[in-house]
Amino acid sequence: MMLSKLLGLFSSDMAIDLGTANTLVYVPKKGIVLNEPSVVALLNDRGSSIPYAFGSQAKMMLGKTPAEINAFRPLKDGVIADFKGAEEMIKYFINAVHNKRSFFARPLVIVCVPSGSTAVERRAIQDAVESAGARDVFLIEEPMAAAIGANLPVTEPTGSMIVDIGGGTTEVAVISLGGVVYAKSVRVGGDSLDESIISYIRRYHNLLIGESTAEKIKKEIGAACRPEGEPRTMEIKGRDLINGIPKEIVLSEAQISDSLEEPVKQIIEAVKLVLESAPPELSSDIVDRGIALTGGGALLRGLDKVIREATGLPVFAAEEPLNCVAMGTGKVLENFEELKHVLFKQD
């Protein structure tokens, strides 16, 4: 008992949005204290992997490393694809938050998981966080965390609809009375948008570009529908697939909207499926309240418009959509004793 109290004094409990693209860490009374790309670089030394770089530093190495260094994303589609890399990355982020103030610090950690993740995938996340030094690990589904972060009335007897478009997955859910009434998780997200841009440019321009360039294109001139006014343009560089030399071309916003047509269509289909499956009483609430968009995908130009046209419902992006999941998980952590019996699922 004395040891647990002592550990509690040194601990700094935290909420982690362990995303495919970015990892955010929330600490009570401090807010979001860490926001880093979910990237790790490992050095291969005589058959063993040694941590080399994490976060932003590791992201700059993607596609640019020598043979002995492997820079990669340990998470894919919202779940762990490389256990060793994920464990080292989580350990680094936890230590970065603690600032190594205590050798004994073992925090209670709440981690977000996709609603469509399997029991095995959830167990892998839980094991990785425990191995990284957590005292206790609780899992919360991403759409619930996103809805809380977007300030939707999730505990009231009224329907709220959330569409959280992350790096690896899109989570669509109807929430009422502190629970997910119906949810659909599709493995389409920011990474899928990047891949669509890469494929389009390769197919129509015979140009090969990397993931970082595709992400930059998406952020600068990405659009879910063709622009009504003057389209934005962007110069990009890549490798010509015909003669193998570097080449520069100019892309327009209209071309990028064409390239994103398929993943955007999949997101709309998921939204429609959830709307069709929602109970009638909650459907009427959604007509009044509309659909909230969160996650990095909510920043895609024109996405709210295409979802509005497809459903006929009001659609709005939450404030700070990139931080909604982390903020929501943090709010739950700050009210842990009140909500733990209602919201958490430990597998």
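Residues numbered from 1 in each chain as written. Predicted model: local features only at pLDDT ≥ 70, side-chain atom pairs only at ≥ 80, totals over all residues. Heavy atoms only, no water.

In the annotation of an unreviewed UniProt entry, the entry for the protein chain reads Cell shape-determining protein MreB, and the organism field reads Candidatus Jidaibacter acanthamoebae. Taken from UniProt, the Subcellular location (unreviewed entry) comment for the protein chain reads in full: "Cytoplasm". (UniProt positions renumbered as here; feature names shortened; annotations may be inferred.)

Visitor: Is there a simple way to explain the environment of isoleucine 267 in this structure?
Guide: If you trace the backbone, isoleucine 267 turns up in helix 9 (residues 261-277). Taking the relative accessible area as the measure of exposure, isoleucine 267 reaches 3% and is therefore buried. Taking the C-alpha atoms as reference points, isoleucine 267 and glutamine 255, 12 residues apart in sequence, are found 19 Å from one another. If sequence neighbours within four positions are ignored, isoleucine 267 has contacts with Ile165, Thr170 and Val188. (Helix = DSSP H or I, 4+ residues; strand = E, 2+ residues; numbered from the N terminus. Buried < 20%, exposed > 50% of the residue type's maximum accessible area, 1.4 Å probe, protein only. Contact = heavy atoms within 4.5 Å.)

Visitor: Looking at this model, I keep getting lost on the nonpolar core. Mind explaining?
Guide: Across soluble globular proteins, nonpolar side chains show a tendency to be buried alongside one another. By size, the foremost hydrophobic cluster in this structure holds 43 residues, and its most contacted members are Ile201, Ile209, Ile217, Ile236, Ile291 and Ile307. Per-element accounting of this core gives the leading share, 6 residues, to helix 9. Counting residues domain by domain, this core receives three or more from each of domain 2 (159-188 + 261-321) and domain 3 (190-260). Formed by 28 residues, the second largest nonpolar core is a distinct cluster that contains Val109, Val111, Ile125 and Ala132. (Core = buried A, V, L, I, M, F, W, Y, C linked by side-chain atoms within 4.5 Å. Domains from an automatic or database assignment.)

Visitor: Help me understand the packing of aromatic side chains in this model?
Guide: Geometry of an aromatic ring pair is reported as the spacing of the ring centres plus the angle between the planes. For the structure on display, the rule yields 4 aromatic pairs. Taken together, a centroid distance of 4.4 Å and an interplanar angle of 15 degrees make the contact between phenylalanine 54 and tyrosine 92 stacked. Separated by 38 residues along the polypeptide, phenylalanine 54 in strand 5 (residues 48-54) and tyrosine 92 in helix 3 (residues 83-98) bring together distant segments of the chain. Joined through ring pairs, the aromatic side chains of Phe54, Tyr92 and Phe93 make up one cluster. (Phe/Tyr/Trp six-rings, centres within 6.5 Å; stacked < 30°, edge-to-face > 60°.)

Visitor: Looking at this model, I keep getting lost on the pairing of strand 11 (residues 160-165). Mind explaining?
Guide: Working note: regular strand, side chains alternate between the two faces of the sheet. Within strand 11, 6 of the 6 residues are buried, which leaves it mostly tucked inside the rest of the structure. What you see with strand 11 is no split at all: Ser160, Ile162 and Asp164 on one side and Met161, Val163 and Ile165 on the other are buried throughout. Note that strand 11 and strand 12 (residues 170-176) share 6 bridges and pair antiparallel. Note that in strand 12 the partner of valine 163 across the bridge is valine 172. Linkage of strand 11 to strand 12, two consecutive antiparallel strands, is achieved through a turn of 4 residues. As judged from the 4 bridges shared by strand 11 and strand 17 (residues 291-294), these two strands associate in the parallel manner. Counterpart to methionine 161 in the pairing with strand 17 is isoleucine 291. (Pairing = 2+ DSSP bridges.)

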